[in-house]
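Read off the chains here:
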Amino acid sequence: MKLSLTEQAENDYTMVLQSAAITREPVKAPAVVLTPVAPQPK
Amino acid sequence: MSNNAADNIGIENMDAKAEAITLIIDHIVAALGGEPSCTLRRANILIDIDEHPGTTQSEIMERHDLNKSALNRDIEWLYDYGCILRTPNKEDNRTINLSTCGYTKKNIDLALSYFDYNHKNLQNFLNSLINIFGSHKPTLRDVKIIAVLGHKGPATRQAILESLYNGPTTTDNRAVNNLINFGLLQKQSD
């Protein structure tokens, strides 16, 4: 069993897609995350 | 240039735009401490603070037509998650200036890079996503589900869950079920 967008949601999403002012091709960039740092010995 | 920027990628590259949308949502989730349960309204407030470094809560209320208690909750949350700094104003200690910082700023920049670093275009994009949901207040998880199905077409529930953020399966499943109940998703036979 698969899930899909309903016709209305598909139309709305297509509108978002067309109106989105995206100016460059997608390139997967790694997210910048907080890295816990172990306390340094004194 | 950027108002008609849809032309820059072009209609023939709708697939590329759809993929870009999924990545933009990922960057915004990362900017919000990796918390996909945040609403798009909270994301919009964060982007507004990034656009106006040193802004105040009153100014945000005016720009977004929000009531004070709702905005208070969002600001508190953003501060607790380390997304924003609160700095007392040098001339008036009762005024607190807000600004984005650290990983939040860097991840917002990654999202903004898709919009020529134009905050308004990013906010307009988020608002257009909000409009898909009608009266429901969408979370970033909801939007990611819609974006994945919009990009890749029909998918199994398992494939949808795998595209999300490694959160509790029950939460992800509930989000999918809610979208079915709201009339945004439908089941289809293979």
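Every value quoted in this text rests on a predicted model; they were computed, and no experiment measured them. (Residues numbered from 1 in each chain as written. Chains lettered and ligands numbered in written order. Predicted model: local features only at pLDDT ≥ 70, side-chain atom pairs only at ≥ 80, totals over all residues.)

## Some remarks on the overall build of chain B
Okay, step 1: Across its full length, chain B carries 10 helices and 4 strands.
Okay, step 2: Secondary structure elements in chain B, listed N-terminal to C-terminal, are α-α-α-α-α-β-β-α-α-α-β-α-α-β.
Okay, step 3: Taking 16 Å as the expected radius of gyration for a compact globule of 190 residues, we find that chain B reaches 18 Å, a close match to that expectation.
Okay, step 4: Across its three principal axes, chain B shows a C-alpha extent of roughly 65 × 40 × 30 Å.
Okay, step 5: The long-range fraction of contacts in chain B, counting pairs at least 24 apart against all pairs at least 6 apart in sequence, stands at 61%. (Helix = DSSP H or I, 4+ residues; strand = E, 2+ residues; numbered from the N terminus. Rg over C-alpha atoms; globule rule 2.2 N^0.38 Å. Contact = placed C-beta atoms within 7 Å.)

## Quick word on the interface of chain B and chain A
Okay, step 1: Every contact between the two is made by 48 residues of chain B and, on the other side, 26 residues of chain A.
Okay, step 2: Ranked by residues supplied to the side of chain B that touches chain A, first place goes to helix α2 (residues 14-31) of chain B with 11 residues.
Okay, step 3: Where strand β1 (residues 2-5) of chain A meets strand β3 (residues 155-156) of chain B, 2 bridges bridge the pair, whose relative direction is antiparallel. By the bridge assignment, Leu 3 of chain A is partnered in β3 of chain B with Ala 155 of chain B. (Pairing = 2+ DSSP bridges.)

## Remarks on the packing of α2 of chain B against helix α6 (residues 102-112) of chain B
Any two packed helices are characterised by how steeply their axes cross, that is the angle between the axes, and by the distance between the axes.
All names here are of chain B.
Okay, step 1: Running from amino to carboxyl end, α2 crosses α6 at an angle of 165 degrees, the nearest separation of the two axes being 8 Å. Judged on the interaxial angle alone, α6 and α2 are roughly antiparallel. Between α2 and α6 lies a crossing whose hand is left-handed. From α2, Ile 24, His 27, Ile 28, Ala 30 and Ala 31 reach across to α6, where they touch Thr 104, Asn 107, Ile 108, Leu 110 and Ala 111.
Okay, step 2: Looking at side-chain class alone, the contact of α2 with α6 contains 7 nonpolar, 3 polar and no charged residues. (Axes fitted to C-alpha atoms, helices over the stretch in contact; angles between N-to-C directions. Parallel < 35°, antiparallel > 145°, perpendicular 65-115°, else oblique. Left-handed = near helix turned anticlockwise from the far one by under 90°. Nonpolar A, V, L, I, M, F, W, Y, C, P; charged D, E, K, R; others polar.)

Remember that the coordinates give geometry; whether it matters functionally is a separate question.
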